[in-house]
Amino acid sequence: MNRQDDVFLKEKEGDAWYVRNASRLQQEGDSSILSRYVSRLSLKKKSVLEVGCSNGYLLAPLTRRGARCFGLDPSARAIQEGRHLFPLLKLDRGVSHDLSCFKNDYFDIVIVSYVLHWVDRSRLMQTIAEIDRVLKTGGLLIIQDFDHDAPHKTRYK
């Protein structure tokens, strides 16, 4: 059985997911709960990383408020389009358990929005360790994800 990162990178499900959802993402933009929360934060001169950033649509407004924004996503297509749409963002292709392209204690804020449920269970603790490594001591970790009534596991198809 393939790991989720193989499915999203080698089997290009990251690109397929982006193509299926791109129009909805752009409609969501600044109106999302996450965007409204982050809009209340002081962002001037802050470094922000979004793990699973898609094309950077949630990060783009933060650059206008003075933040230096970085994003990571497994979809090459999302990253390519994001670089075109939002040239102030620093976007790279990658997966949550490997943030080696970033220095230790670099980010003031790390955002993980609707990502953790995609992370292969064998990589979950590695993902958390990597996020902890790149987040500054005293930094802000923002996690948004599904909250099911009862824990369950569904194989991705």
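Residues numbered from 1 in each chain as written. Predicted model: local features only at pLDDT ≥ 70, side-chain atom pairs only at ≥ 80, totals over all residues. Heavy atoms only, no water.

Undergrad: Help me understand the overall build of the chain in this model?
TA: Scanning the chain from terminus to terminus reveals 6 helices and 5 strands. Secondary structure elements of the chain occur, N-terminal to C-terminal, as α-α-α-β-α-β-α-β-β-α-β. Here the chain, with 157 residues, has 46% of them falling under the buried criterion. Put simply, 67% of the contacts in the chain that link residues at least 6 apart link residues at least 24 apart. Taken as a whole, the chain presents about 9,300 Å² of accessible surface, with 52% of it coming from carbon and sulfur. (Helix = DSSP H or I, 4+ residues; strand = E, 2+ residues; numbered from the N terminus. Buried < 20%, exposed > 50% of the residue type's maximum accessible area, 1.4 Å probe, protein only. Contact = heavy atoms within 4.5 Å. Areas by Shrake-Rupley, 256 points an atom, 1.4 Å probe, with all protein chains shown as cover.)

Undergrad: Explanation requested: the pairing of strand E3 (residues 90-93) in the structure shown.
TA: Consecutive side chains of a regular strand alternate in pointing toward one face of the sheet and then the other. One ladder, built from 4 bridges, connects strand E2 (residues 68-73) with E3; its direction is parallel. Its bridge partner being in E3, Asp 73 is matched across the sheet by Arg 93. (Pairing = 2+ DSSP bridges.)

Undergrad: For this particular structure, what's the right way to read the nonpolar core?
TA: Proteins that are soluble and globular tend to have nonpolar side chains buried together. The biggest cluster of nonpolar side chains holds 21 residues, and the ones touching the most others in it are Val 38, Val 48, Leu 59, Leu 62, Cys 69 and Ile 111. Every residue in contact with Leu 62, bar those within four places of it in the chain, is listed here: Val 38, Leu 43, Val 48, Ala 67, Cys 69 and Ile 111. Counting 15 residues, the second largest nonpolar core, distinct from the first, contains Leu 116, Ile 131, Val 134 and Leu 135. (Core = buried A, V, L, I, M, F, W, Y, C linked by side-chain atoms within 4.5 Å.)

Undergrad: Explanation requested: the side chain of Ser 54 in the structure shown.
TA: Residue position: Ser 54 is located in the loop between strand E1 (47-51) and helix H4 (60-63). Leave out the neighbours within four places in its chain, and Ser 54 touches Tyr 18, Leu 25, Asp 73, Ala 78 and Ile 79.

Undergrad: Is there a simple way to explain helix H5 (residues 76-85) in this structure?
TA: Because each turn of an α-helix spans 3.6 residues, side chains separated by three or four positions in sequence point in the same direction. All buried positions along H5 are accounted for by Ala 78, Ile 79 and Gly 82. Down the axis of H5, the sector holding all buried residues measures 95 degrees, keeping them to one side. When the buried face of H5 is taken as reference, the exposed residues oriented beyond 90 degrees from it are Gln 80 and His 84. (Arc of directions from axis to C-beta.)

Undergrad: So what exactly am I meant to see when it comes to the pattern of salt bridges here?
TA: Pairs can form between side chains of opposite charge once their charged atoms are near each other. Enumeration according to the criterion identifies 5 salt bridges in this entry. Put simply, Glu 13 and Arg 20 hold a salt bridge, and the shortest N to O gap is 2.6 Å. The exposure class of Glu 13 is buried, given its relative accessible area of 13%. (Salt bridge = Lys/Arg side-chain N within 4 Å of Asp/Glu carboxyl O.)

Undergrad: Help me out: how do you make sense of the environment of Phe 86 in this one?
TA: With respect to the helices and strands, Phe 86 occurs in the loop between H5 and E3. Taking C-alpha positions, Phe 86 is 7.3 Å from Gly 56, a pair spaced 30 residues apart along the chain. Phe 86 has contacts with Asn 55, Gly 56, Tyr 57 and Ala 60, leaving out every residue within four places of it along the chain.

Undergrad: Before we go on, may I ask you to explain the environment of Arg 133 in this structure?
TA: Tracing the chain through its elements places Arg 133 in helix H6 (residues 124-134). Along the sequence, Arg 133 and Asn 104 sit 29 residues apart, while their C-alpha atoms lie 5.4 Å from each other. If near-sequence neighbours (up to four positions away) are discounted, Arg 133 is found in contact with Leu 99, Ser 100, Phe 102, Lys 103, Asn 104 and Asp 105.

Undergrad: Would you mind going over the pairing of E1 with me for this structure?
TA: Across the 5 residues that make up E1, a large majority, 5, are buried. The pairing of E1 with E2 spans 5 bridges and is classified as parallel. Following the sheet pairing, Ser 47 is matched in E2 by Arg 68.

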